[in-house]
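Descriptive analysis of the structure
Each chain is listed here by its residues.
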Amino acid sequence: MTSIEINELTKRYGAVPAVEGLSFSVAPGRVTGFLGPNGSGKSTTMRLVLGLDRPTSGNALIGGRPYVSYPEPMRRVGALLDATAAHPARTAHQHLLTLALSNRIPERRIGEVLARTGLETAARRRVHTFSLGMRQRLGIAAALLGDPPVLMLDEPGNGLDPEGIAWIRELLRRLAAEGRAVLVSSHQMGETARFADHLVVLGRGRLLADASLEEFVAEHAGAGEEPSLERAYLRLTEEATTYRAKGA
Ligand SMILES: Nc1ncnc2c1ncn2[C@@H]1O[C@H](COP(=O)(O)OP(=O)(O)OP(=O)(O)O)[C@@H](O)[C@H]1O
């Protein structure tokens, strides 16, 4: 059983605080929805967990150790941060093979994750010919490749068709039921309410809430309103939303 532990994590870009004194953990066996307005620090937190950026102070650990200290990190944490990360000239199979070899993952896993993400028929196609949703599926396939106990997915539903959205929801539920720790950022409140057990909500780099889905909705639901995650979220983050359109 492995969890993600974020301890007093702070990241500033110059004077701009992206993440400020953030502490929470992502427990095994449940899906934790990672919510917050645009620019609130979700991707920064995920990058810090993966050692892609250095914290100004504090730390982020996986099973008590930094991600970069694991010799085969993809067998510890499966991450989807940027679906455009695959080399465009490689085929899906080549992309996954490169990742598998560098992490001593058995080659048979490539066929398994291509099947699990519905990409079997596209295995020999070059990534630059992929649609947004196909790239997203390939990113999810890469995250699953090392059969990791921890998954961290930044908006995995982006670009997926309705069948894909339903599939990712079931996949997240299944991964948690298998005892994995699953952290998923999303702006889709309806979907989040269907896949998350627990919520961590950021606002301007700070922790606004760390609660079960039920507790969160109950606590922030307005009097006389039908309780919904969207209403609870909008109420909580009202003061912490930096980028807001004026007018419809
Ligand atoms: N490389 C960088 N240089 C300077 N500022 C950055 C950099 N990366 C992120 N930031 C800033 O850090 C803050 C947090 O950004 P981040 O991408 O983590 O937010 P987010 O919650 O993932 O947003 P979104 O929901 O829009 O994806 C923002 O103010 C952003 O402008």
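Calculation rules
- Residues numbered from 1 in each chain as written.
- Predicted model: local features only at pLDDT ≥ 70, side-chain atom pairs only at ≥ 80, totals over all residues.
- Heavy atoms only, no water.
- Helix = DSSP H or I, 4+ residues; strand = E, 2+ residues; numbered from the N terminus.
- Buried < 20%, exposed > 50% of the residue type's maximum accessible area, 1.4 Å probe, protein only.
- Polar contact = N/O pair within 3.5 Å; in protein donor to acceptor, adjacent residues only side chain to side chain.
- Contact = heavy atoms within 4.5 Å.
- Arc of directions from axis to C-beta.
- Core = buried A, V, L, I, M, F, W, Y, C linked by side-chain atoms within 4.5 Å.
- Near = heavy atom within 4 Å.
- Areas by Shrake-Rupley, 256 points an atom, 1.4 Å probe, with all protein chains shown as cover.
- 1 Å grid on protein atoms, 1.4 Å probe; cavity = no way out; pocket = protein on both sides within 12 Å on 5 of 7 lines; lining within 4 Å.
- Sits in = over half its atoms within 2 Å of the grid points.
- Nonpolar A, V, L, I, M, F, W, Y, C, P; charged D, E, K, R; others polar.

Structurally, Ser212 can be placed in strand β9 (residues 206-212). The class of Ser212 is buried, set by a relative accessible area of 17%. A distance of 3.1 Å separates a polar atom in the side chain of Ser212 from the backbone nitrogen of Glu215. When neighbours within four sequence positions are excluded, Ser212 is seen to be in contact with Asp197 and His198.

This part is about helix α8 (residues 229-237). Of all the residues in α8, the buried ones are Leu229, Ala232, Tyr233, Leu236 and Thr237. For α8, the angular spread of the buried residues around the axis is 115°, confining them to a single face. Buried residues belonging to α8 abut β3 (30-35), α6 (189-195), β8 (198-203), β9 and α7 (213-220).

What follows deals with the nonpolar core. Counting 50 residues, the largest nonpolar core has Leu96, Leu138, Leu172, Val182, Leu199, Val201 and Phe216 as its most contacted members. For this core, the element with the most residues is helix α4 (residues 132-144), which contributes seven residues. Once residues lying within four places of it in the same chain are set aside, the contact partners of Leu199 are Thr32, Gly33, Leu35, Thr192, Ala209, Asp210, Ala211, Leu213, Phe216 and Leu229. Core analysis: the second largest hydrophobic core is formed by 23 residues, Leu9, Ala60, Ile62 and Val150 among them.

What follows deals with the site of the ligand. Looking at the ligand, the residues that line it are Tyr13, Ala18, Pro37, Asn38, Gly39, Ser40, Gly41, Lys42, Ser43, Thr44, Arg47 and His187. Between the ligand and the protein, one listed contact pairs an oxygen atom with a side-chain N or O atom of Ser43 at 2.7 Å. Isolated, the ligand exposes 640 Å² of accessible area, and the fraction of that covered by the protein chains is 63%. With respect to the pocket detection grid, the ligand is positioned in the second largest pocket. Ranked by residue count, the leading element in the shell around the ligand is helix α1 (residues 42-49), at four residues. For the shell around the ligand, the class distribution of residues is three nonpolar, seven polar and two charged.

Keep in mind these numbers describe shape, not what the thing actually does.
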